[in-house]
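Residue-level structural notes
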Amino acid sequence: MKFTSTLSTPSPEALEHSQKLVQSIREAIQQHQGFITFRDYMEKALYQQGLGYYVAGAHKIGQSGDFITAPEISSLFSQCLAHQCQQVLAETKGNLLELGAGTGKMAVDILLTLEHYDSLPEFYYILDLSPELKQRQHHTIAQSAPHLLSRVIWLEQLPQHFKGVILGNEVLDAMPVDVFTVQGENTYEHQVIWQDQQFCEQLNPAPPTLQGAVTALKLEKTATPYTSEINLNLEGWFQALTTCLDQGVVLLIDYGYTASEYYHPDRNRGTLICHYQHQVNESPLHHVGLQDITASVDFTAVALAADQAGFDVLGYTPQAAFLASNQLEHFFSQQLAEFPEQQYELAQQVRLLSLPSEMGERFKVIALGKKYCSHLSGFSLIDQKYRL
Ligand SMILES: C[S@@+](CC[C@H](N)C(=O)[O-])C[C@H]1O[C@@H](n2cnc3c(N)ncnc32)[C@H](O)[C@@H]1O
């Protein structure tokens, strides 16, 4: 993906849409003594009802959108995930629940693979914050696996009781984060204000919660200001997941690092980036509501929050190792036998999913268990849990 400092101009309709969101965020700023935290800004830019990037009507994911994810790159990704799910479903006799299901492509490929292995769960639940994406998911499943549509149930909130596998691909990176800067002994919170007809950032001393969380990171002292992000929603999110999950496994796939890599002194500008029409930029205050804003995941924080909520960390591994342990080669050969003319495309897909320079190392898989202690197939080649 290309890195850019000059964003292309959106269409007049897109600009009109963005202006409505800008106006609504300006009102929130006015009501909060002239500023909101960056986290609140990100929450509104992505999820403000009817207007935010994820909840409004634009095509986001795929070639025609702003970014592409592993399930969109290749069915092989979801087939390997299905292989892992099959093991847990067999042991728990449970169902599947996908969080943030994007276009619905992963749901289709997982369901078709499980059907092929005669392991279909009774239900495939989907919970997404985006009404536009729900419609798209319904359409994808109705087109590609109409006979399985009756098993798919869209939820408005987490169920009270659930057994089986909870899946989330690139959900953690879409959660709003606080941005902070440490300078000498002081920690500052990044806030958003409206000035000279545009959103700008200002820095103010961090409130106690943020200050405490940053202190707990035990950052190395640096001579120059150190800026990064932190996700303070994790604890609450895992509490909610553990309340709903009676027995089973949560599998989360995302780009990110352990805390020592994430908060390395050299990474002094953080990881926050934006995606607009397959271009990467560092301007979250521009193209408001028209572009994705995302931060890499601190998997140590994920493991800690999950542990505190009562989960066992079952495994942590790079995506390449997880896919290889879940029969990537077998699924590749199977597809090749069925579609020999697609040899180049299939090989290219495997490269994108697995090469260290592509998604293979940058993306990680973490598995969290509740009342589940069997060894998961996805971590049989490499398990780096000890690094968290
Ligand atoms: C980057 S997209 C990934 C979509 C899809 N999983 C894929 O891989 O193509 C992030 C998705 O997560 C959803 N999301 C963010 N926070 C969520 C939450 N707390 N619960 C459920 N979905 C969430 C967003 O609405 C969006 O659909």
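Values in this document were obtained by computation on a predicted structure and should not be read as measured data. (Residues numbered from 1 in each chain as written. Predicted model: local features only at pLDDT ≥ 70, side-chain atom pairs only at ≥ 80, totals over all residues. Heavy atoms only, no water.)

What to know about the pairing of strand β10 (residues 226-230)
We apply this condition: When accessible area is computed with a 1.4 Å probe and restricted to protein chains, residues below 20% of their type maximum are described as buried, those above 50% as exposed, and intermediate ones as partly exposed. Helix and strand assignments follow DSSP, with helices taken as H or I runs no shorter than four residues and strands as E runs no shorter than two, numbered in order from the N terminus. When DSSP finds two or more bridges between a pair of strands, those strands are recorded as paired.
With five of five residues buried, β10 is to be regarded as a mostly interior element. In β10, alternate side chains face the same way, and those of Tyr226, Ser228 and Ile230 on one face and Thr227 and Glu229 on the other are all buried. Sheet topology places strand β7 (residues 178-183) next to β10; five bridges connect them, and they run antiparallel. For phenylalanine 180, the partnering residue across the bridge sits in β10 and is serine 228.

A short note on the nonpolar core
Under the convention used in this document: To qualify as a nonpolar core, a set must consist of buried Ala, Val, Leu, Ile, Met, Phe, Trp, Tyr and Cys residues joined through side-chain atoms within 4.5 Å.
Ranked by internal contacts, the top residues of the largest apolar core, which has 44 residues, are Leu81, Leu96, Ile110, Tyr124, Leu167 and Leu251. Ranked by the residues each element gives to this core, the list is headed by helix α4 (residues 75-92), at eight residues. Among the nonpolar cores identified, the runner-up in size contains 39 residues, and Phe67, Val182, Ala213 and Cys274 belong to it.

Some remarks on the environment of serine 150
Tracing the chain through its elements places serine 150 in the loop between α6 (131-144) and β5 (152-155). Between the alpha carbons of serine 150 and threonine 187 there is a distance of 52 Å; along the sequence they are 37 residues apart.

Some words on the pattern of salt bridges
Proximity of charged atoms lets side chains of opposite charge pair with each other. To keep things clear, this is the line we draw: A pair is scored as a salt bridge if a Lys or Arg side-chain nitrogen falls within 4 Å of a carboxyl oxygen belonging to Asp or Glu.
Tallied over the entire structure, the rule returns six salt bridges. Between glutamate 156 and lysine 134 there is a salt bridge, and its shortest N-O distance comes to 3.3 Å. Taken as a pair, glutamate 156 in the loop between β5 and β6 (162-169) and lysine 134 in helix α6 lie far apart in primary sequence, 22 residues in all. Judged by its relative accessible area of 69%, glutamate 156 is exposed. Of the charged contacts, one joins glutamate 185 and lysine 221 as a salt bridge, the two residues approaching to 4.0 Å between their closest N and O atoms. One end of the pair, glutamate 185, is in the loop between β7 and β8 (186-195); the other, lysine 221, is in the loop between α7 (208-216) and β10, and 36 residues separate them in sequence. Accessibility expressed as a relative area gives 66% for glutamate 185, which makes it exposed. The class for lysine 221 is exposed, based on a relative accessible area of 67%.

Focus: the pairing of strand β3 (residues 95-99)
Counted residue by residue, β3 has five buried out of five residues, so it is predominantly covered. Going residue by residue along β3, you find Asn95, Leu97 and Leu99 tucked away on one face and Leu96 and Glu98 tucked away on the opposite face as well. Note: β3 against β6, five bridges, orientation parallel. Opposite leucine 96, over in β6, you have valine 165 as the bridge partner.

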